[in-house]
Structure formats: structure tokens, C-alpha cells
Amino acid sequence: MEKTYDLIIIGSGPAGLSAAIYAQRAGLDTLVLEKEYISGGQVVNTAEVDNYPGMPGISGMDLGEAFGEHARKLGLEPQREKILSLENISGDIKTIRTKKHEYQAKTLILAFGAEHRKLDIPGEDDLGGLGVSYCATCDGAFYKDRIAVVVGGGNVAAEDAVFLSGLCEKVYLVHRRDALRADKAIQEKVFACENIEMVWDSVPLEILGQEEVTGLKIRNVKTGEERELEADGVFIAVGIVPSTALVKDQLKLDENGYICAGEDGVTSAPGVFAAGDIRTKALRQVVTAVSDGANAVASAQKYLWRTDNGNH
């Protein structure tokens, strides 16, 4: 007979690893599945995390590693597998198919996270990895003493621009409005960098280059004027999209594709809980992802208690 876990957690970013820690401490028979080779989720691509309580200035990689080490100490090592499908997730026993195995569980915590939003302009896909990047801390070193463009106006874009300014000869920060959306403290860092040039009221039209990036074509939204910025790298930081493709036909999603779930993580399918960037919420930060993981386990425990005691 196939083994049935009490809980399977999908994803090992801050939400998934927090859930793993709480599940192990609760004594639930738990499995963690992760498609990436490294745990930690999007935070591992962050140069510095300055707002996680008690760990000012820690690198995203170190924070992700600390979360993973905590889970490992409790005996949970994520299984590295790509999930092909989730089946019967509204039933009593949910089935997960991967390339190698089929798993079954009474409850699921979905912590798939989110992916970088694309610009969807010419040159973006063709020059991916040839000067187009979605992670300044991963790829910034390749542009030492060169010219980079960052596209975006939120915290990530502003942080990327500041990070790159320490490596690059010059950094353009292209934003469609005339003011940044980033937190005030980060904006001040941007404006203090002499080699960051703000390009206001502008949208990207095309990433230029054949074998590698040579520049970015932009249009001023107020004047309609088009021009080309010469650059060796284009860093795109225009937000995220939830990774909900696996469940889009099985769970209730909001208009932006996020799973409808409150702080308790409860979704439209019984015994399925959502945690982290994947669910509907106002603030998507490491600290809220971690709390989501804990809340989702508490909800899973309540569900298991009810079903195991015959109260569906």
C-alpha cells in the first residue's frame, strides 16, 4: 500500500521552510518537495535583507541557508523533484505526481512562491543570459566597470540599482512614472549614488543587441520621444507573478492569479493551504512568508484533527 503523509509541503522558500519547522515540531509525518537545487526561494537572490528582525544586514543567501539548516536539524531535507500534476486535491487523499514518483497526503501546504514578471518586449527572451537578467545580485559581477540599466520603480529595482552602482561605471534606472514607489530609506540611497542616472516617465520598447545586449530602446510616456540607452546589461525588476499554473483550475484565484486564502492559509479546497507570496495579501516579505508557514501548519493540524475524529 502507498504511504500517505499527514502533510506534504511544496516549496522550500521562507514560507515552506517555516511550515516544515512547525510541522516537525508538531509531530506530523511530513514531506517537503522542491524543484530547485537550493532552498530559500527568492530571498537567496537578495544582496542584503535589512528588515528581518534580529538579523540586520544579513545576505539573502545566508538567511535562506539558515532557514534550511534549521529544518535539516529537525530532520527535514527537501526532496528535489519537479511536480507534474496535483490530483484529487479536494478529496480526502491528495495525489502529487512528479517525474520520478507519486506521493499521497491528507493535507497540502502550497508554498510555490512567485516568479519574476517579464517585460514581454523584443529582445528579452533572445538575450536572456546574454545581458538580460532578473537578478542583480546573481549576475551583477559580470558588469564590473560597465554600464547597466535597471527597469522598475519599486524596492527591488531601487535596491538593484544601488547594488550595481558599487560595481558598474554607470547605472540607468528607468521608471514609467516621475517618482519611485520604493521605501523612502531605499530612495535616499539611490539619490545618494552619483553614478545612478534616473530616467523618469519612460517605458522600455526593445532590448538591443545580437549576440549580447548593447542597449535599451525607451519611450518617454509624456513626450512620446524615443531614444536608445547604451548598456551592457539590462536588469528587469518590474514585480512578480504567482506560480499558480499547477492549481489554476482547481483552486479559487483572484484576478491577478494569487490563491484566495486568508492569514489562516485556508483555500477553496479542504485540506489545502497556501503560504507565502502565492496567496492573496497586502505585504509580501520574508517576515510575512514565515508567519504564513506557521499559520498554515496550525490550520492543517485543525483539519487533521477534525477528519481523523470523523468530523468532516
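This write-up is about the structure you can find in this document.

Cut-offs and rules
- Residues numbered from 1 in each chain as written.
- Predicted model: local features only at pLDDT ≥ 70, side-chain atom pairs only at ≥ 80, totals over all residues.
- Heavy atoms only, no water.
- Phe/Tyr/Trp six-rings, centres within 6.5 Å; stacked < 30°, edge-to-face > 60°.
- Helix = DSSP H or I, 4+ residues; strand = E, 2+ residues; numbered from the N terminus.
- Buried < 20%, exposed > 50% of the residue type's maximum accessible area, 1.4 Å probe, protein only.
- Core = buried A, V, L, I, M, F, W, Y, C linked by side-chain atoms within 4.5 Å.
- Contact = heavy atoms within 4.5 Å.
- Pairing = 2+ DSSP bridges.
- Axes fitted to C-alpha atoms, helices over the stretch in contact; angles between N-to-C directions.
- Salt bridge = Lys/Arg side-chain N within 4 Å of Asp/Glu carboxyl O.
- Patch = residues over 30% accessible without salt bridge, like charges linked within 9 Å, V, L, I, M, F, W, Y side chains within 5 Å.
- Areas by Shrake-Rupley, 256 points an atom, 1.4 Å probe, with all protein chains shown as cover.
- Lys, Arg positive; Asp, Glu negative; His and termini not counted.
- Charge placed at Lys NZ, Arg CZ, Asp CG, Glu CD.
- Polar contact = N/O pair within 3.5 Å; in protein donor to acceptor, adjacent residues only side chain to side chain.

1. Side note on the packing of aromatic side chains
If you walk through the whole model with that rule in mind, you get 3 aromatic pairs. Look at Y143 and F235: their rings are 5.4 Å apart centre to centre, the planes differ by 85 degrees, and that puts the pair in the edge-to-face class. Taken together, the residues Y143 in the loop between α3 (136–139) and β9 (147–151) and F235 in strand β15 (residues 233–236) connect sequence positions 92 residues apart. For the pair formed by Y143 and F235, the shared burial category is buried.

2. Quick look at the nonpolar core
Core analysis: the biggest nonpolar cluster contains 22 residues, and I8, L86, I96 and L110 have the highest contact counts within it. Looking at this core, the element that brings in the most residues is strand β6 (residues 102–110), giving 4 residues. Setting aside chain neighbours within four positions, we find L110 in contact with I10, L86, V247, L251, I259, V272, F273, A274, A275 and I278.

3. As for the sheet that holds strand β14 (residues 226–230)
Taken together, the 3 strands give an open sheet; going across it, the order is β12-β13-β14, and neighbouring strands pair in antiparallel fashion. Looking at the sheet topology across the chains shown, the edges are occupied by β12 (202–209) and β14. Neighbouring strand axes in the sheet, compared pairwise and without regard to direction, differ in orientation by 30 degrees on average.

4. Remarks on the pattern of salt bridges
Summed over the entire model, instances satisfying the criterion amount to 18 salt bridges. Several salt bridges converge on common partners, so that one network encompasses E65, E69, R72, E77 and R80.

5. Concerning a negative patch on the surface
Judged by side-chain charge, E48, D50, E159 and D183 come together as a negatively charged surface patch. Relative to the helices and strands, E48 is located in the loop between β2 (30–34) and α2 (60–73).

6. Let's talk about the side chain of Q187
Looking at the element boundaries, Q187 is found in helix α5 (residues 184–192). Separated by 3.3 Å, the side chain of Q187 and the backbone oxygen of L180 make a polar contact. Aside from chain neighbours lying at most four places away, what touches Q187 is L180, R181 and A182.

7. Overview of the environment of P53
Looking at the element boundaries, P53 is found in the loop between β2 and α2. You can call P53 exposed: its relative accessible area is 57%.

8. What to know about unusual backbone geometry
The phi angle at N88 is positive, at roughly 55 degrees, despite the residue not being glycine. Here N88 shows up in the loop between β4 (83–87) and β5 (94–98). Judged by its relative accessible area of 49%, N88 falls in the partly exposed class. A positive phi angle, near 55 degrees, is found at D120, a position not held by glycine.

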